[in-house]
Structures are given as structure tokens and as C-alpha cells.
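What follows is each chain in one-letter form.
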Amino acid sequence: MDRFQCAQCNGTFYFDLALEGMEAEPGEKLPLACPHCEHQWSYYMPEDFDKEITIH
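Parameters and conventions
Residues numbered from 1 in each chain as written. Predicted model: local features only at pLDDT ≥ 70, side-chain atom pairs only at ≥ 80, totals over all residues. Heavy atoms only, no water. Helix = DSSP H or I, 4+ residues; strand = E, 2+ residues; numbered from the N terminus. Buried < 20%, exposed > 50% of the residue type's maximum accessible area, 1.4 Å probe, protein only. Phe/Tyr/Trp six-rings, centres within 6.5 Å; stacked < 30°, edge-to-face > 60°. Pairing = 2+ DSSP bridges.

## Describing the environment of Tyr 43
- Tracing the chain through its elements places Tyr 43 in strand 4 (residues 42–44).
- The exposure class of Tyr 43 is buried, given its relative accessible area of 16%.
- Sequence separation of Tyr 43 and Gln 5 is 38 residues, and the distance between their C-alpha atoms is 5.1 Å.

See below:
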């Protein structure tokens, strides 16, 4: 499972990129809806990628 951070609420969730045939680079913005607030964009944040996305 791959960890994502919502571009709006900063909530984290997991999604299996390989299962869906997708690939992403750490910090890349993808069109995955957040299960917490349903915002349409999230950032790929692997467990070993410590940078947090700050929302302005």
C-alpha cells in the first residue's frame, strides 16, 4: 500500500498504486480523491519520504 496526503486537508490515506497499474514519484500530485474530505487531489508520500506538503 502507498501513503498519500490530501492537497486540501492534509489527511493521510493509503492506496495501492501497483494494483491500479499506476506509478508516481515521491511528492507527486495525483488525481486521487481524499476519503476524509473528498478533495480531488493528493500527494504521493511514501513512508520513507519525510517532506510534508504545506497548504497555503
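## Digging into the packing of aromatic side chains
- Scanning the entire structure with this criterion turns up three aromatic pairs.
- Judged by centre distance (5.7 Å) and plane angle (20 degrees), the ring pair of Phe 4 and Phe 13 falls under stacked.
- Residue Phe 13 is classed as buried on the basis of its relative accessible area, which comes to 8%.
- Ring centres 6.2 Å apart and planes at 80 degrees place the aromatic pair Phe 4 and Phe 15 in the edge-to-face group. In this pair, Phe 4 sits in strand 1 (residues 2–6) while Phe 15 sits in strand 2 (residues 12–15), placing the two residues eleven residues apart along the sequence.
- Note on Phe 4: relative accessible area 0%, which makes it buried.

## Some thoughts on the sheet that holds strand 2
- Strands sit in the order 2-1-4-3 across an open sheet of four strands; the sheet is antiparallel. Looking at strand neighbours, the two that pair on one side only are strand 2 and strand 3 (29–30), the edges of this open sheet.
- Note that strand 3 and strand 4 share two bridges and pair antiparallel. Paired with Lys 29 across the strands is Tyr 43, a residue of strand 4.

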